[in-house]
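Chain by chain, the residues:
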Amino acid sequence: MTSYVECISFCSITGHSASTVVMNGGGAHYHSEEESKQDGGGDTDGVEDSNEQEVIVIQDTGFTVKIQAPGTEPFDLQVSPQEMVQEIHQVLMDREDTCHRTCFSLQLDGNVLDNFAELKSIEGLQEGSLLKVVEESTVQETVYLLKSLDPSDAYNGVDCNSLSFLSVFTDGDLGDSGKRKKKGSDLEQIDCTPPEHILPGSKERPLVPLQPQNKDWKPMQCLKVLTMSGWNPPPGNRKMHGDLMYLYMVTVEERHISITASTRGFYLNQSTTYTFNPKPANPSFLSHSLVELLSQISPAFKKNFTVLQKTRVQRHPFERIATPFQVYSWTAPQVDHTMDCVRAEDAYTSRLGYEEHIPGQTRDWNEELQTTRELARKNLPERLLRERAIFKVHSDFAAAATRGSMAVIDGNVMAINPGEETRMQMFIWNNIFFSLGFDVRDHYRELGGDAAAHAAPTNDLNGVRAYGAVDVEGLYTLGTVVVDYRGYRVTAQSIIPGILEREQEQSVIYGSIDFGKTVVSHGKYLELLERTSRPLKVQRHNVLNEKDESVELCSSVECKGIIGNDGRHYILDLLRTFPPDLNFLPVEGEELSPESVRQGFPRQHRHRLACLRQELIEAFVEHRYLLFMKMAALQLMQQKANKDSKMATLTENNSPEAAVPALLSTENPDSPLEGKAEDSIPGLAQAKELAESLAAEDGSDPKSREVVLNACKAVGSISNTSFDIRFNPDIFSPGVRFPEDSVDDIQKQKQLLKDAAAFLVSCQIPSLRIGISELITRCAKHIFKTYLQGVELSALSAAVSHFLNCFLSSFPDAVAHLPPDELVSRRKNRKRRNRVPGGGDNTAWASLTPSELWKNIVSEAQSYYNFTLENADQVVEKYGLQKITLLREISIKAGIQILIKEYNFDSRHKPAFTEEDILNIFPVVKHVNPKASDAFHFFQSGQAKVQQGYLKEGCELINEALNLFNNVYGAMHVEICACLRLLARLNYIMGDHHEALSNQQKAVLMSERVLGVEHPNTIQEYMHLALYCFANGQLSTALKLLYRARYLMLMVCGEDHPEMALLDSNIGLVLHGVMEYDLSLRFLENALAINSKYHGPRSLKVALSHHLVARVYESKAEFRSALQHEKEGYTIYKNQVGEAHEKTKESSEYLKYLTQQAVALQRTMNEIYKNGSNASIMPLKFTAPSMASVLEQLNIINGIIFIPLSQKDLENLKAEVQRRQQLQESGKSMEELTVDGPLELEDKIPMDVNVD
């Protein structure tokens, strides 16, 4: 990574001026006359009430306008005065009847409305106003419509298009299909047989079903060719006649035509391929719309375009709307490359880097990013406008930075220091600064060289993300995107105004440019950073500069403060925002805690920038807060017990602090403190309440002060009067020195860091499962990164296919094969412009062998992760790994796109991959995700209400959150997906199954689009949708969705996974419901086996699995097997929850029923054997399972429990839930609630026990 400081150094040497590169533009839409005085330190006290009030105000002041689009009836639209005209555009593009219009303006009384004007600022716009949609046809719009059903852009990863396959399994929109299908009455018509590869135990893992062919995607040719004419641009005399451009087309009927696009519309001209004659043809077919003109001259166009439009309108809007960030697919079919003039023009201009040479076209990214941060945020409407602007600019910046990074690596951008070695070059393109992840001029020599330079950008991005989330007014960070592409890491940053025109000594007024040797500070920066210190847990501290003077900082020394020419205070190089992980930072003379030492820490890492994640810091502080509360509780209880005497000692050591080691010693790695100590100290919850009340006191009671003081000392708080834990990020930083008078504080900070390191290895890591396939693919990715560096573009597909063969193919002699003529042509045509940044031409990749690669993977696993992979040749077999899963993981991590076909990994006669199987290399992009803070607050409040049992109120809050999320993010975002999922669940448990289906369908589509078609979240969304389909009587669709989910899970992680048990239980239950008993048993028995393996044979999950299997055997009249399984379940319930528990009683009753049925069957059989055909047979009860009973079991296994309650019981339950939450005692299950009164069906209240 090349830091800003190095860029400054270079520019001061070469005299390079930013004025030649940094241009005007951008940000025009985001400015505010009024700056907010609000402290952005994250203080949200009292926000909830004000937010709710503000939302009510917004809703009350909304009004209705009428929209009139061509060819449709006028319709009413509810709008808010704070909305922009652009938002009405978006609504129209999302509506079914207007979604095909992509290029239009809105007019009020004949006046065109500005897209970025707020509705309240438009004169004459009021309740009932009529807005007319006026089409403005363009070539781009026509091209867009012609390829609107073509998935090519989604496969190619452009224009924020991505894939979705839900409609393949639901036969279109679920809302409509639900009305058409019979509600489960004709069960015999349902084909329940899954494909062979989905059945439990199957070893076949086909790849092709990952992307099922959608019948709508079959090419529907409207035109053969639509491209720019070679006669462009119009000559001067034709410009004065209104000619704008010329188009050349070939219709399906093979008619070759030339079209003029003029200020009057589109018309045929008389030009041919070799003759320029711009005069109108006879007839000219002058039309306002290009589509209209083509419909007149080509019957095939008219027919096919009409069908295309109808098909497009039938698709769900979520299948078409662009995602905020690009999602790439690791597989794609072989798609024919079609002629597309718009795509060609876009690619050509970006390839040549035109964007930085067109005045007025380039966006000033830094100005836009910072101006949006400065927008007012005093009330909810202002905050929504501000967050929407921030999110939009960030998503645009991420797209531009990604495009620029690829252009840099592909050799299409000129370096600003072209004379330097390629790995040391820096670039500026489109007002973005690009640097490569190499150690330039030994900047990181003491920290690990290139390894540190590679890690620094992600650390820096995490710092930018953290400071951006705190959002302090007046403190600015750079737009930052980290892109991994073709083995290189590129950091893209916005440019501080004036940074390239100054000497480095003039620029940095806070922090250090040489890792602590020289340090400066600044009062304004200390003031701003002090406001971030509490939320980020950063301690204010002093360090020594080169003159041995004490300098005060409120960040790490690497954090640099620069005031730009715009007067803004910027901070950059935030790679040490969070404290170091001492487990990977051996320091001479320092010993870690016994927990760390026992596990072999500290270990030497390849760089010294390993730091603790922000989530770990938060978890550690929360853990320490619990210790603090327990310390205070113990002392308060002691005081209470010794009112009339001195405070008795808490331990034999006569020291309150000694209680902390005592408490710590009760912990073990598998069961952290939270569970153990609470049970061992009676009345702790009440004591905690007392301890919390101390915070509200004024400190006048000396005993209370002493309690708090002792607890603060014991947990390492920097304050003696309240709990406040912060870290000094400069502890153990090489080159940083501290004043002598801070020795005690430094010692405490060292101990705190050691405690955090111990907490990581003893409490956090043991709760994680080690994924061998994840570890192996990460090691392979590390090797692949180096392997790919220097491979020139023409050999890229050969190099990637050779690596994949060495990694996954069983062919022992994988050899890189290239046709000789290609080798020769590459030698002849090597151009300086296409030199790769790694320097030199790398042909070493061709000599890699499978055994060498796997030895390297084993070595990397040992050196990087300290994990021993024995026997390199049989790693895949030993751990039972799936090669298809490894292929998916390495492709996603390294940005490889492969041809979707079946690969034979086990053939020893030919390699699995060829050059033609590698379709593309995509960038892997990391960036900041700005949050919708108010929407998130409403979402959390809604979750809390639901957990307390207030379903209606929770649903209203979640709905409000959904509106706010849409306001900020637009229609597609991962947080909207979570919102829709919870809404669907609430709809379902409140009895509105149809609404649940609608919301969950949107959640599935959105998850496919923004996360990926086989992302683990998407698999879960499919399972939820299947449940709601079943509840709506759409049994066939429910099974298809469950089979799809199982296929995806097999692809992602294989059958041996704990989540597979839940999925198989769902499938087994639905098959039981449609009386496919043998199939049902295969899935349910597999679920039983998986539950037994991962939860133990005595688990309640296993008991439920036994019960589900027993029910199927009962339906088959195999009562002996049913009894055997139910007895197993009964035994587990009896041992785990006791005989008095409801579940044990239910199981006992069912056992009696099964016994009766078994006896009756035996009597009947005996009668038959005894009397033959003359036997008088009593009818046996062979009951097919009712849909209601199957649905009840589906609800139970999916975490939804219906408890029969009267109104009085409901009130008691709510009170009990609130009491339990206050006491933080969540050990009892919902099933343990005892209820009185009649159990009426109408009084059943649904409770969701899994709403998070």
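Here the structure is a predicted model, which is why all the values come from computation and not from measurement. (Residues numbered from 1 in each chain as written. Predicted model: local features only at pLDDT ≥ 70, side-chain atom pairs only at ≥ 80, totals over all residues. Heavy atoms only, no water.)

Peer 1: So what about the pairing of strand β15 (residues 488-494)? Which residues, and what values?
Peer 2: Where burial is concerned, most of β15 is hidden: 7 out of the 7 residues are buried. In this structure, strand β12 (residues 432-436) lies alongside β15, joined through 5 bridges in antiparallel fashion. Within the sheet, the bridge partner assigned to Ile432 lies in β15 and is Ser494. Two elements, strand β14 (residues 480-485) and β15, share 6 bridges in a ladder whose sense is antiparallel. In the strand pairing of β15, Val483 is matched with Val490. (Buried < 20%, exposed > 50% of the residue type's maximum accessible area, 1.4 Å probe, protein only. Helix = DSSP H or I, 4+ residues; strand = E, 2+ residues; numbered from the N terminus. Pairing = 2+ DSSP bridges.)

Peer 1: Explain the sheet that holds strand β19 (residues 560-563) residue by residue, including any values.
Peer 2: One open sheet accounts for 4 strands, arranged β13-β20-β19-β16; its pairing is mixed. Strand pairing shows two members of the sheet lacking a second neighbour, β13 (475-476) and β16 (508-510), which therefore form its edges. As paired elements, β19 and strand β20 (residues 569-572) share 4 bridges and run antiparallel to each other. Note on β20: the bridge partner recorded for Ile562 is Tyr570. Those strands touched by helix α16 (residues 523-536) are β13, β16, β19 and β20, and its axis lies near 65° from that of β20. (Contact = heavy atoms within 4.5 Å. Axes fitted to C-alpha atoms, helices over the stretch in contact; angles between N-to-C directions.)

Peer 1: Lay out the environment of Val538 in plain terms, naming residues and giving numbers.
Peer 2: Of note, Val538 is situated in the loop between α16 and β17 (541-544). A residue is classified by how much of its surface remains accessible, and Val538, at 2% relative accessible area, is buried. A C-alpha to C-alpha distance of 6.6 Å links Val538 and Ser555, two positions 17 residues apart in sequence. The contact partners of Val538, leaving out residues within four places of it in the chain, are Ser533, Cys554, Ser555, Thr577, Arg726, Phe727 and Pro729.

Peer 1: Please give an account of the pairing of β20 that cites residues and values.
Peer 2: Alternating residues of β20 divide into His569 and Ile571 and Tyr570 and Leu572, and every residue in both groups is buried. Relative to β20, β13 runs parallel, the two sharing 2 bridges. Note on β20: the bridge partner recorded for Leu475 is His569. The loop that links β19 with its antiparallel partner β20 comprises 5 residues; one of these, Gly567, has a positive phi angle of about 80°.

Peer 1: Which residues make up the packing of aromatic side chains, and what values go with them?
Peer 2: Describing an aromatic ring pair means giving the distance of the ring centres and the angle of the ring planes. All chains considered together, the criterion is met by 32 aromatic pairs. For the ring pair Trp429 and Phe434, a centre distance of 6.5 Å and an interplane angle of 55° mean the geometry is tilted. On the accessibility criterion, Trp429 (1% relative accessible area) is buried. A centroid spacing of 5.6 Å and a plane angle of 20° characterise the contact between Tyr510 and Tyr525, whose relative ring orientation is stacked. In this pair, Tyr510 is assigned in strand β16 and Tyr525 in helix α16, connecting sequence segments 15 residues apart. Take Tyr510: its relative accessible area is 0%, and that puts it in the buried class. Classification of Tyr525 as buried rests on a relative accessible area of 0%. One aromatic cluster in this structure is built from Phe325, Phe391, Phe939, Phe965 and Tyr969. The ring centre of Phe601 lies 4.0 Å from the NZ or CZ of Arg603, which sits over that ring. (Phe/Tyr/Trp six-rings, centres within 6.5 Å; stacked < 30°, edge-to-face > 60°. Lys NZ or Arg CZ within 6 Å of the ring centre and 35° of its normal.)

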